[in-house]
Amino acid sequence: MQKQQGFTLIELVVVIIILGILAVTAAPKFINLQGDAYKSTLDGLKASLQGANTLVYSKAAIAGEEKNDDATIQIGSAVSDTVNTQFGYLQSDEDSLVDALEIDTANDWTVVEGADPQADAAILYQTSSPYDDGTSNDAKDCHLEYIPALLEGDLPTYTVKSDDC
């Protein structure tokens, strides 16, 4: 009787084909680099907005405007560098968010502002284009949602929606 020493060529080819099929079907589920990049970008924007809001609140407190539900605070050296605040924090209007964050709305970002200063605002990364046209909050969840302070003593809410990134 002969002893078998190793695998046949056919057995090796079958195993390689099976591993290739598994790699092609399973790898994209585990390697979502683009979605992770968009989520990380939104996390960075969230941190920037939190930092900007801390500075805006500090300037509002110095000016004695932290208890007003509608105030204008100068954030830069130029008189035109102003933002609208609500109880010391940024309102959800596009101009205030863009000025405080210094983001480029022509090429990179879209801001969908709230219906009024107390409504939420969505900040979208345009390059990801998960939104239909960037004009509504009804599309996919791949954006930063900002809700300003609604009452005196409240803090703003920052939520990264990244389910569809």
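Residues numbered from 1 in each chain as written. Predicted model: local features only at pLDDT ≥ 70, side-chain atom pairs only at ≥ 80, totals over all residues. Heavy atoms only, no water.

1. Some details on the overall build of the protein
The condition is simple: Helical segments are the DSSP runs of H or I of at least four residues, strand segments are the runs of E of at least two, and each set is numbered from the N terminus. Type-normalised accessible area, obtained with a 1.4 Å probe on protein chains alone, sets the label of each residue: buried when under 20%, exposed when over 50%, and partly exposed for intermediate values. Whether two residues touch is decided by their heavy atoms; if any such pair falls within 4.5 Å, the residues are in contact. Reported accessibility uses the Shrake-Rupley method at a 1.4 Å probe radius. Residues are deemed covered only where the shown protein chains occlude them.
The secondary structure content of the protein amounts to three helices and seven strands. In sequence order, the protein lays out its α and β elements as α-α-β-β-β-α-β-β-β-β. Sorting the 165 residues of the protein into buried and exposed places 32% on the buried side. When contacts within the protein are restricted to residue pairs at least 6 apart in sequence, those whose partners lie at least 24 apart make up 41%. Summing over all exposed atoms, the protein offers an accessible surface of approximately 10,300 Å²; the carbon and sulfur share of this is 54%.

2. Description of the packing of helix H2 (residues 33–63) against helix H3 (residues 94–101)
So the rule is basically this: Every angle, taken between N-to-C directions, lies between 0 and 180 degrees, and every axis is a line fitted to C-alpha atoms, over only the stretch in contact when it is a helix. If an angle is under 35 degrees, it is roughly parallel; if it is over 145, roughly antiparallel; if it lies from 65 to 115, roughly perpendicular; otherwise it is oblique. Throughout, the ten residues Ala, Val, Leu, Ile, Met, Phe, Trp, Tyr, Cys and Pro are labelled nonpolar, Asp, Glu, Lys and Arg are labelled charged, and all others, Gly among them, are labelled polar.
Where H2 meets H3, the axes come as close as 9 Å, and the angle between the chain directions of the two elements is 95°. Considering their axes alone, H2 and H3 lie roughly perpendicular with respect to each other. Contacts between H2 and H3 involve Leu45, Ser48, Leu49 and Ala52 from the first element and Leu97, Ala100 and Leu101 from the second. Residues of the contact of H2 with H3, tallied by class, amount to six nonpolar, one polar and no charged.

3. Looking at the sheet that holds strand E3 (residues 89–90)
Keep this limit in mind: Strand pairing requires that DSSP identify at least two bridges connecting the strands.
Ordered by their spatial adjacency, three strands build an open sheet running E1-E2-E3, and the pairing between neighbours is antiparallel. The open sheet has two edge strands with one neighbour each: strand E1 (71–74) and E3. One ladder, built from two bridges, connects strand E2 (residues 82–86) with E3; its direction is antiparallel. Bridging across to E3, threonine 85 finds its partner in leucine 90.

4. Some remarks on the sheet that holds strand E4 (residues 109–112)
Through backbone hydrogen bonds, the strands of a sheet pair up, either in parallel or in antiparallel fashion. A sheet is described by the order of its strands in space; here four strands give the open sequence E4-E5-E6-E7, paired in antiparallel fashion. Every other strand in the sheet has two partners, leaving E4 and strand E7 (157–161) as the edge strands with one partner each. Shown here is a sheet whose adjacent strand axes are inclined to one another by a mean of 20°, direction ignored. Bridge analysis of strand E6 (residues 143–147) against E7 gives five bridges, and the strand direction is antiparallel. In the strand pairing of E7, histidine 143 is matched with lysine 161. Across the sheet, H2 is in contact with E4, strand E5 (121–125), E6 and E7; its angle to E7 comes to roughly 170°.

5. Things to note about the pattern of salt bridges
Keep this limit in mind: Any Lys or Arg side-chain nitrogen located within 4 Å of an Asp or Glu carboxyl oxygen qualifies as a salt bridge.
Under the counting rule described, the total for this entry stands at two salt bridges. A salt bridge links lysine 39 to aspartate 43, with the shortest nitrogen-to-oxygen separation between them at 3.1 Å. Of the two residues, lysine 39 and aspartate 43 both sit in helix H2, four residues apart, roughly one turn of that helix. One salt bridge connects lysine 67 with glutamate 152, and the closest N-O pair in it is separated by 3.9 Å. Residue lysine 67 is located in the loop between H2 and E1, and its partner glutamate 152 is located in the loop between E6 and E7; the two are separated by 85 residues in the primary sequence.

6. Thoughts on the confidence of the model for the protein
How we decide: The pLDDT value tells you how sure the predictor is about a given residue, anywhere from 0 up to 100.
When pLDDT is averaged across the protein, the result is 84; 88% of the residues are at 70 or more. Mean pLDDT per element in the protein: E5 is the minimum at 80, and E3 is the maximum at 94. A low-confidence stretch, residues 128–137 (pLDDT under 50), is modelled with 24 contacts involving residues beyond four sequence positions or located in other chains.

7. Quick look at the side chain of aspartate 93
What counts here: Just so you know, the count uses Lys and Arg for positive and Asp and Glu for negative, and it drops His and the chain ends.
Its place among the elements puts aspartate 93 in the loop between E3 and H3. Notably, aspartate 93 is buried but unbridged: the nearest opposite-charge side chain belongs to lysine 59, and the N-O separation is 17 Å. For aspartate 93, the residues in contact, after removing those within four places along its chain, are Asn84 and Glu113.

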